[in-house]
Amino acid sequence: MKKYLLLFLSFVLCVSCLAVGGGVVSGADFPAGSGVTVSKGVLTCDIGQKTTANELACLAESESVSLTNSKGKPLAADSFVATGNKITFDDGVYTVVVPGDLNCDGAVGGNECKVLLPLLNSQEELNDEITAAADVNGDGVVNTSDYLLIKHYDTVQYNLLTASTKVEVPYVEGSEVADAVQSLKRNGLSPKVTYAYCDSEDDGKVIFQKVEAGTEVGIGTVVGVVVGKYAGADSRLNYDTVKGIWLSQFDMNSIYTSGGRQRNESSYRQKVEAICKKLSESGYNTTVLQIRPYADSFYPSEIYVPSEYVTGSYTSGFSYDPFEIFIEIAHSYRLSVHAWINPMRCMTASDISSVSSKYLLGKWYQDSTLREKYLYYNKNVTGTNFYYLNPAYKEVRDMIIDGVEEICLNYKVDAVHMDDYFYPSESDGYYGDFDRAAYQQYGNGRTLSRFRMDNVNELVRGIYSKVKSINKNILFGISPAGTLSNCRGYLSADVDTWCANEGYVDYIAPQVYWGFDVNYAPSRFITCCNDWAKLVKVDSVKLIIGMGLYRTVEPPTDEWIKNKDVIKRQLEYLQNSFSYDSGFIMYTCSSLIDMSTGEYLSVNAEERANFLPVLKKFTAR
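Residues numbered from 1 in each chain as written. Predicted model: local features only at pLDDT ≥ 70, side-chain atom pairs only at ≥ 80, totals over all residues. Heavy atoms only, no water.

**Points about the overall build of the protein chain**
Point 1. A count of helical and extended segments in the protein chain gives 23 helices and 30 strands.
Point 2. Looking at the protein chain as a whole, 54% of its 621 residues are labelled buried.
Point 3. Contacts in the protein chain between residues at least 24 apart in sequence constitute 70% of all its contacts with a sequence separation of at least 6.
Point 4. Counting only carbon and sulfur atoms, one obtains 48% of the accessible surface of the protein chain, whose full area is about 25800 Å². (Helix = DSSP H or I, 4+ residues; strand = E, 2+ residues; numbered from the N terminus. Buried < 20%, exposed > 50% of the residue type's maximum accessible area, 1.4 Å probe, protein only. Contact = heavy atoms within 4.5 Å. Areas by Shrake-Rupley, 256 points an atom, 1.4 Å probe, with all protein chains shown as cover.)

**Section: the packing of aromatic side chains**
Point 1. Inspection of the entire model under this criterion finds 28 aromatic pairs.
Point 2. For the ring pair Y256 and F298, a centre distance of 5.4 Å and an interplane angle of 75° mean the geometry is edge-to-face. Within this pair, whereas Y256 is found in helix α8 (residues 249-256), its partner F298 is found in the loop between β16 (296-297) and β17 (305-306), the two being separated by 42 residues in sequence.
Point 3. A residue is classified by how much of its surface remains accessible, and F298, at 1% relative accessible area, is buried. (Phe/Tyr/Trp six-rings, centres within 6.5 Å; stacked < 30°, edge-to-face > 60°.)

**Some thoughts on the packing of helix α22 (residues 566-576) against helix α23 (residues 605-617)**
Point 1. Between α22 and α23, whose axes approach to 7 Å, the crossing angle comes to 20°. Overall, the two elements α22 and α23 adopt an arrangement that is roughly parallel. Our pair here, α22 against α23, has a crossing hand that is left-handed. Along its contact with α22, which presents V566, I567, K568, L571, E572 and Q575, the element α23 presents E607, N610, F611, V614, L615 and K617.
Point 2. Taken together, the residues that form the contact of α22 with α23 break down as six nonpolar, two polar and four charged. (Axes fitted to C-alpha atoms, helices over the stretch in contact; angles between N-to-C directions. Parallel < 35°, antiparallel > 145°, perpendicular 65-115°, else oblique. Left-handed = near helix turned anticlockwise from the far one by under 90°. Nonpolar A, V, L, I, M, F, W, Y, C, P; charged D, E, K, R; others polar.)

**Re the pairing of strand β15 (residues 286-292)**
Within a regular strand, side chains alternate between the sheet's two faces.
Point 1. Here β15 lies mainly inside the structure; seven of its seven residues are buried.
Point 2. One ladder, built from four bridges, connects strand β12 (residues 242-247) with β15; its direction is parallel. Across the sheet, residue L247 finds its bridge partner in β15, namely L289.
Point 3. Bridging between β15 and strand β18 (residues 336-341) involves six bridges; their strand directions are parallel. Across the sheet, T286 pairs through a bridge with S336, a residue of β18. (Pairing = 2+ DSSP bridges.)

**Considerations on helix α11 (residues 322-332)**
Point 1. Among the residues of α11, those classed as buried are P322, F323, I325, F326, I327, I329 and A330.
Point 2. Between the side-chain oxygen of the N-cap and the backbone nitrogen of F323 there are 3.1 Å, and the N-cap of α11 in question is D321.
Point 3. R334 lies just past α11 and shows a positive phi near 60°. (Polar contact = N/O pair within 3.5 Å; in protein donor to acceptor, adjacent residues only side chain to side chain.)

**Considering the state of the cysteines**
Point 1. Evaluated as defined, the whole model comprises zero disulfides.
Point 2. Unpaired in terms of disulfides, C589 finds its nearest cysteine sulfur in C276, a separation of 8.6 Å.
Point 3. Overall, C589 belongs to the buried group, its relative accessible area being 0%. (Disulfide = S-S within 2.5 Å.)

**As for the sheet that holds strand β27 (residues 545-547)**
Point 1. Spatial strand order, β25-β27-β28-β12-β15-β18-β22-β23-β24-β26: ten strands in an open sheet with parallel pairing. In this open sheet, the two strands that pair with only one neighbour each are β25 (511-512) and β26 (542-543).

**Description of the sheet that holds strand β19 (residues 345-348)**
Point 1. In spatial order, the strands read β19-β21-β20; together these three strands make up an open sheet with antiparallel pairing. The open sheet has two free edges, formed respectively by β19 and β20 (375-376), since each of these has just one partner strand.
Point 2. By the bridge criterion, two bridges tie β19 to strand β21 (residues 386-389) in an arrangement that is antiparallel. Of the residues in β21, the one forming a bridge with T348 is F386.

**Here's the deal with unusual backbone geometry**
Point 1. Cis geometry marks the peptide bond from Y587 to T588, where omega comes out at 10°.
Point 2. Tracing the backbone through its elements, the reader meets T588 in the loop between β28 (583-586) and β29 (593-594).
Point 3. Not every positive phi belongs to a glycine, and R334 is a case in point at roughly 60°.
Point 4. Take R334: it is sitting in the loop between α11 and β18.
Point 5. On the basis of relative accessible area, R334 is assigned to the exposed category, the value being 53%.

**Thoughts on the environment of A509**
Point 1. Looking at where A509 falls in the secondary structure, it is placed in the loop between β24 (507-508) and β25.
Point 2. On the basis of relative accessibility, which here comes to 0%, the residue A509 falls in the buried class.
Point 3. Counting along the chain gives 37 residues from A509 to G546, while the straight-line C-alpha distance between them is 5.6 Å.

**A word on the nonpolar core**
Point 1. Counting 124 residues, the largest nonpolar core has F323, W498 and M586 as its most contacted members.
Point 2. Element by element, the count of residues in this core is highest for helix α17 (residues 448-470), at nine residues.
Point 3. If near-sequence neighbours (up to four positions away) are discounted, F323 is found in contact with L289, I291, F298, Y299, V337, A339, I407, Y411 and V413.
Point 4. Judged by nonpolar contacts, the second largest core, of 18 residues, contains A53, V81, F89 and V98. (Core = buried A, V, L, I, M, F, W, Y, C linked by side-chain atoms within 4.5 Å.)

**Focus: the side chain of T221**
Point 1. Note that T221 resides in the loop between β10 (216-218) and β11 (222-229).
Point 2. Of the residues examined, T221 reaches a relative accessible area of 10% and is grouped as buried.
Point 3. A polar side-chain atom of T221 sits 2.7 Å from the main-chain carbonyl oxygen of G218.

Coordinates in, geometry out; function isn't part of it.
Set out below in structure tokens:
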């Protein structure tokens, strides 16, 4: 009896969308844990009954979808899929199997038994969709266990789902996803969110709940809700000519926190308002805001731990969402917001030990085997005591990509921006040891450099595809180191590929932080800009020059000490003589204004007075 009860439970969870399982076998790319598997042209929908074609297209990140019944009759894309349907994605046609749905109506119940009886014990190998659907417990054969599961589906579902304390499923259709999730949790239920493409008015709202409102179920029951995701032509606030500025975690730390904890919301709003107002008055049109410097998060995240730069410690939660507020205020000043992440660098050894295992990073760190596989740390490297993620593994790349998806789905960002922290420096102990095991396993005769570049390319392509699957108007850009030799060397940043091919980035913003007279000739501003220009070979990639505004505050050479118009002349060169007029991004905001007051700095007043008039007039030629 216990065996059958477990089988019953397994089946009920499957057909009610109360559990997920499986992963990608081949064909269409469904994420692990989505409840959908593909093999040999058959799509098995373990996510359960009442799943639409649109929802499957969304999970597969397919830009198009069509559905027909077994006779070829077209069905609406918002129809529930059934066994025998043919579903067409970007990459091909698949036959649908819904476990338990033997009469091909998309639902599961006792009527299926008439179809099932002739199949009992008749085949050892499953070779068509009806027989595959009959194997509801997934053991590879059709037998009495499957018959009992289907026959007693309604009774077993009721008994199992109401075996513990009863709660009533609330009505959440039409609600914003956050409200729906909160409502379900408040009633003791576990929400599972999937997405389906929709019209703009349903963006972010629950368009279907998979357990009917009013149903009495047990505490902890998983209730699937389908949320609309609009991937149409809604615009984002991006400019043909970018006049941008970076706002780093160091710039913003005192804005986020006060007295070792998150600053109160009213004060935070006032300070962000002052910053955005000053940037807009100065002629900037784009902010590049850092929101993930150390595998942490500057916004409430299900994937990354709250950052100490915002909440005061890695064990404190958010009292409000500072990222959402920043976007709201920046957009009110017509400032574009690019969400800036560091892909691979993590926090220090002392900080990472405090990360809860509910976050993947904490789980990996606390498991010595996973820590050795996915993370790297060398305590003997002076001044480089950060852990790093190892992108040789798909699990690591998926975590980073999932974090990008979370940003694009939940915030009206205009772009996602990734900086130059790829592989760590080649200081002794880092370069060879970092990924020795992965290289030995997956190198396949490639040089270490090529192996690493390929890993980063996989990550970059994955991020680009994810961003575009959510909204084609959201940009994805990378700001690599300004020195090409470093990019092609220890950083393993394959800038040549990114700049010469579609499908990697919308823009490249190299950090050309030097002046005109630096001793190292390849780093001289004009030479470096032109070297980067030679790499861009497709119209889809913009070249935006990163400029070292911080040099005017911390002058490293006589050039910046003797001359108070270096930034002015650089802007004039980009505006009048450079082959690209896509714009610039300056590092950093705290080199322009006092972050606490929103007023201009006095230390570089002369330089600023020279370049601001040029900046304000800077435009596409």
